[in-house]
Amino acid sequence: MSLRIDKLLANMGYGTRKEVKKLLKSGVVKVDDVIVKDPKMQVNPDEQVVTVWGEEVQYKEFIYLMMNKPPGVISATEDVVQETVIDLLEEEDKIFAPFPVGRLDKDTEGLLLLTTDGQLAHQLLSPKKHVPKTYFAVIDGEVTEADVAAFRQGIVLDDGYKTKPAELVILKSGIRSDVEVTITEGKFHQVKRMFQAVGKRVVYLKRIQMGPLSLDESLALGEYRELTDEEVALLKSFQQT
Ligand code: URA
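Within an unreviewed UniProt entry, the label attached to the chain reads Pseudouridine synthase, and the organism entered is Paranoxybacillus vitaminiphilus. Taken from UniProt, the Sequence similarities (unreviewed entry) comment for the chain reads in full: "Belongs to the pseudouridine synthase RsuA family."

Here you go:
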């Protein structure tokens, strides 16, 4: 696969196309040890070695980050007042301009994928794909087998919409219950509204799984890491099923 050198460098965070053009002009970019100044030059990053200031550029078409989203930040790219998940990224990752794949509520924690791969994001979010998302939740109230059966049937929400069947697993039942719930849609506040419909309240919500991707529990709240090649491959093969 080949692409223009200015596009490659812009994708890799060396600045806007205009800034990259200046960089090229200054003579610090080499392809296979030869100075390149023409922004239109085609390069194949799999076969050619690109360096900037003598340092090799490891080309990646897209970046994929897994974040353990903390409460109190919103899943948006920008906001004038509120802190966003993008604000939590290091500068070296921000320059790629990743965006969150779907949304978690401000008070929801857990697995959030951030990427520059629009096609993958689209597939994961497509209602047609029914990508399962699993949440751990603490519920104010006693969750019963009747709730499990109701979730399996689909729950009618406050706006009259009937959800697709959801899997509810009771981990601990009491005046406060611990549960895991798996949904295949992403309606606004869906998990909270499903419990509200059976007269219970979600007091803590954390996403632990999205399709084949599990939250890396070694990530503290607010921490993130790049997906491994295996995880990216899993996600990509999942979208074709
Ligand atoms: N369901 C909710 O109610 N909130 C979330 O953040 C995700 C799913």
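Novice: How should the site of the ligand be read in this particular structure?
Specialist: All residues adjacent to the ligand are Leu104, Asp105, Thr108, Tyr135, His189, Gln190, Val191, Lys192 and Leu205. Separating an oxygen atom of the ligand from a side-chain N or O atom of Thr108 is a distance of 2.9 Å. Against a free-state accessible area of 240 Å², the protein chains account for coverage of 95% of the ligand. Examining the composition of the shell around the ligand, we find that three residues originate from one element, helix H6 (residues 190–197), more than from any other. Considered class by class, the residues forming the shell around the ligand number four nonpolar, three polar and two charged. Each of domain 2 (64–127 + 213–237) and domain 3 (133–210) contributes no fewer than three residues to the shell around the ligand.

Novice: So what exactly am I meant to see when it comes to the nonpolar core here?
Specialist: The nonpolar side chains of soluble globular proteins are, as a tendency, buried together. Formed by 30 residues in total, the largest nonpolar core has its most connected members in Phe151, Leu168, Val181, Val191 and Phe195. For this core, the secondary structure elements donating two or more residues are strand S7 (64–69), strand S9 (109–115), strand S10 (133–140), helix H5 (145–153), strand S12 (176–183), H6 and strand S13 (201–210). Both domains that furnish three or more residues to this core are identified here as domain 2 (64–127 + 213–237) and domain 3 (133–210). Not counting residues up to four positions away in its chain, the partners in contact with Leu168 are Val143, Asp147, Val148, Phe151, Val179, Glu180, Val181 and Phe195.

Novice: What exactly am I supposed to notice about the UniProt feature "domain: RNA-binding S4" (unreviewed entry) in the chain here?
Specialist: Taken from the UniProt record, the annotation "domain: RNA-binding S4" (unreviewed entry) applies to residues 3–62. Segment residues 3–62 splits into 27% helix and 23% strand. End C-alpha atoms: 14 Å apart.

Novice: Help me understand the environment of Phe151 in this model?
Specialist: For Phe151, the position within the fold is in helix H5. Residue classification places Phe151 among the buried positions, given a relative accessible area of 0%. Put simply, Phe151 and Gly13 are 138 residues apart on the chain and 45 Å apart in space, counted from C-alpha to C-alpha. In this structure, Phe151 is in contact with Lys164, Pro165, Ala166, Leu168, Val181, Met194, Phe195 and Val198, ignoring residues within four places of it in sequence.

Novice: For this particular structure, what's the right way to read the pairing of S12?
Specialist: Regular strands place side chains that alternate from one sheet face to the opposite one. With six of eight residues buried, S12 lies mostly within the body of the structure. Where S10 lies against S12, eight bridges are found, and the strand directions are antiparallel. Bridged to Lys133 within S12 is Ile183. In this sheet, S12 lies alongside strand S11 (residues 167–172) in antiparallel orientation, the contact comprising five bridges.

So, how was this worked out
- Residues numbered from 1 in each chain as written.
- Predicted model: local features only at pLDDT ≥ 70, side-chain atom pairs only at ≥ 80, totals over all residues.
- Heavy atoms only, no water.
- UniProt positions renumbered as here; feature names shortened; annotations may be inferred.
- Near = heavy atom within 4 Å.
- Polar contact = N/O pair within 3.5 Å; in protein donor to acceptor, adjacent residues only side chain to side chain.
- Areas by Shrake-Rupley, 256 points an atom, 1.4 Å probe, with all protein chains shown as cover.
- Helix = DSSP H or I, 4+ residues; strand = E, 2+ residues; numbered from the N terminus.
- Nonpolar A, V, L, I, M, F, W, Y, C, P; charged D, E, K, R; others polar.
- Domains from an automatic or database assignment.
- Core = buried A, V, L, I, M, F, W, Y, C linked by side-chain atoms within 4.5 Å.
- Buried < 20%, exposed > 50% of the residue type's maximum accessible area, 1.4 Å probe, protein only.
- Contact = heavy atoms within 4.5 Å.
- Pairing = 2+ DSSP bridges.

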